[in-house]
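Reading the structure
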Amino acid sequence: MRDVVLSLAVILAVFLVLPLVVGQAEHKVMAHMQSRLGPMYAGRFHGWAQLIADGVKFAQKEDVVPAAADRRVFMIAPGVALVPYLVVLIVIPIDRGAVAVDLDLGLFFVLAVMGVGVLGSVMAGWASANKYSLLGGMRVAAQLMSYELPLVLAASSVAMAAGTLSLPGIVEAWQWWWLPWQAVGGVVFFVAGLAELRRPPFDMPVAESEIIMGPLTEYTGMRFALFMLTEYVGIVVLSFLTTVLFLGGWHGPLLPGWIWTLVKVFALAFVVIWLRVSYPRLREDQLQKLAWAGLVPLALLQLAITGVVKVLT
């Protein structure tokens, strides 16, 4: 019982701290890459208090619910979007033996629960009684259906290679030569994960120039902040999963395993931020074409190669 409580406390700390660190890093990285001066002023030295200033700003804003909205669905949508990522962290290993719950079907559990989280944005778009929000929610649904398939196929490839659906089991089975062998699957998984998070350049559901803020248009104050927190928690979860499935998790020389895991996670989080500032938003047709004509065939190819290698060995 004591070990379970300790594990849950560590997971809660990770859930509360790492997304804030990623959010602060995004402010700074974007400020340097795009010569933004604003994030460098709050708190004076390198804008260290920017994240605190954002939190105070959200807390001071009025909490508004549109008169025509479905109040119950509107109010619970941020929680539906956020909570599944906390649940997912329970089965992700940080080091050998450092996992709250080692499920035999851990990978299946993760993919299923992450799919539930996307419904929060769909609920927000439908419940807002706003045509722009509804359009954004429909785009979220279309994006989920398109990118869920390559995400699952890429994850299935590494599970087939390891011979298990347990996340710690996959890391234990990992070998260095999996890096080139599973590289295509890793790229497909990471890109599809970005699309499910609606991160740029896959942010058509919240295209400000077209539909204001998509499904989040009518949200203010702390409910809007919860959606923003969901985005950063999603980045952390995606980085953890990519690390565990394709980069060997805690495997690495000299340093303790948990340090290697965090190093890989923050490296991937930096790539997520880098992509945001480097590429323009994809059009809806380009977004769908990338999924069905690009990622799905690559994921199927990776799955076929993995099957052949497993048969031959």
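This text goes with the structure placed above it.
Residues numbered from 1 in each chain as written. Predicted model: local features only at pLDDT ≥ 70, side-chain atom pairs only at ≥ 80, totals over all residues. Heavy atoms only, no water.

A word on the environment of Leu86. Within the secondary structure, Leu86 sits in helix α3 (residues 71-89). Note on Leu86: relative accessible area 28%, which makes it partly exposed. For the pair formed by Leu86 and Val113, sequence separation is 27 residues and the distance between their alpha carbons is 9.9 Å. (Helix = DSSP H or I, 4+ residues; strand = E, 2+ residues; numbered from the N terminus. Buried < 20%, exposed > 50% of the residue type's maximum accessible area, 1.4 Å probe, protein only.)

To continue, consider helix α10 (residues 221-246). Helix length check: α10, at 26 residues, gives a terminal C-alpha distance of 38 Å against a target of 38 Å (1.5 Å per residue), a fit within 8%. Of all 26 residues that make up α10, 23 are buried, and the element is covered over most of its length. Count one or two residues on from α10 and you reach Gly248, which has phi positive near 85 degrees. (Expected span 1.5 Å × (residues − 1).)

It is possible for side chains bearing opposite charge to pair when their charged atoms get close. This structure, assessed with the given rule, holds 6 salt bridges. Residue Arg276 is joined to Glu26 by a salt bridge in which the shortest nitrogen-to-oxygen separation is 3.2 Å. With Arg276 in helix α11 (residues 257-278) and Glu26 in helix α1 (residues 2-33), the pair connects residues that are 250 residues apart, well separated along the chain. A residue is classified by how much of its surface remains accessible, and Arg276, at 30% relative accessible area, is partly exposed. Put simply, Glu26, Arg199, Glu231 and Arg276 are held in one network by salt bridges that share partners. (Salt bridge = Lys/Arg side-chain N within 4 Å of Asp/Glu carboxyl O.)

Glancing now at the packing of α3 against α10. Interaxial distance between α3 and α10 falls to 9 Å at its minimum, and their mutual angle equals 25 degrees. One element, α3, and the other, α10, form an angle in the roughly parallel class. Crossing of α3 over α10 shows left-handed handedness. Only Arg223, Leu226, Phe227, Leu229, Thr230, Val233, Gly234, Val237 and Phe240 of α10 make contact with α3, whose side of the interface consists of Met75, Ala77, Pro78, Ala81, Leu82, Tyr85, Val88 and Leu89. For the contact of α3 with α10, a count of residues per class yields 14 nonpolar, 2 polar and 1 charged. (Axes fitted to C-alpha atoms, helices over the stretch in contact; angles between N-to-C directions. Parallel < 35°, antiparallel > 145°, perpendicular 65-115°, else oblique. Left-handed = near helix turned anticlockwise from the far one by under 90°. Contact = heavy atoms within 4.5 Å. Nonpolar A, V, L, I, M, F, W, Y, C, P; charged D, E, K, R; others polar.)

So, on to the environment of Leu149. Tracing the backbone shows Leu149 in helix α5 (residues 131-162). Sequence-wise, Leu149 and Ala299 are 150 residues apart; in three dimensions their C-alpha atoms are separated by 8.9 Å. Setting aside residues no more than four positions away along its own chain, Leu149 makes contact with Trp292 and Val296.

Turning next to the packing of aromatic side chains. All told, the structure shown has 8 aromatic pairs when counted by the stated rule. Ring centres 5.6 Å apart and planes at 85 degrees place the aromatic pair Trp178 and Trp181 in the edge-to-face group. Note that Trp178 and Trp181 are positioned in helix α7 (residues 178-181) at a spacing of 3 residues, about one turn of the helix. With a relative accessible area of 13%, Trp181 lands in the buried category. With 5.6 Å between their ring centres and 50 degrees between their planes, Phe189 and Phe246 make a pair best called tilted. In this pair, Phe189 sits in helix α8 (residues 183-196) while Phe246 sits in helix α10, placing the two residues 57 residues apart along the sequence. Look at Phe189 and you get buried, because its relative accessible area is 2%. Within the aromatic cluster, the residues linked to one another by ring pairs are Phe74, Tyr219 and Phe227. Directly above the ring of Trp174 sits Lys264, whose terminal nitrogen or CZ lies 6.0 Å from the centroid. (Phe/Tyr/Trp six-rings, centres within 6.5 Å; stacked < 30°, edge-to-face > 60°. Lys NZ or Arg CZ within 6 Å of the ring centre and 35° of its normal.)

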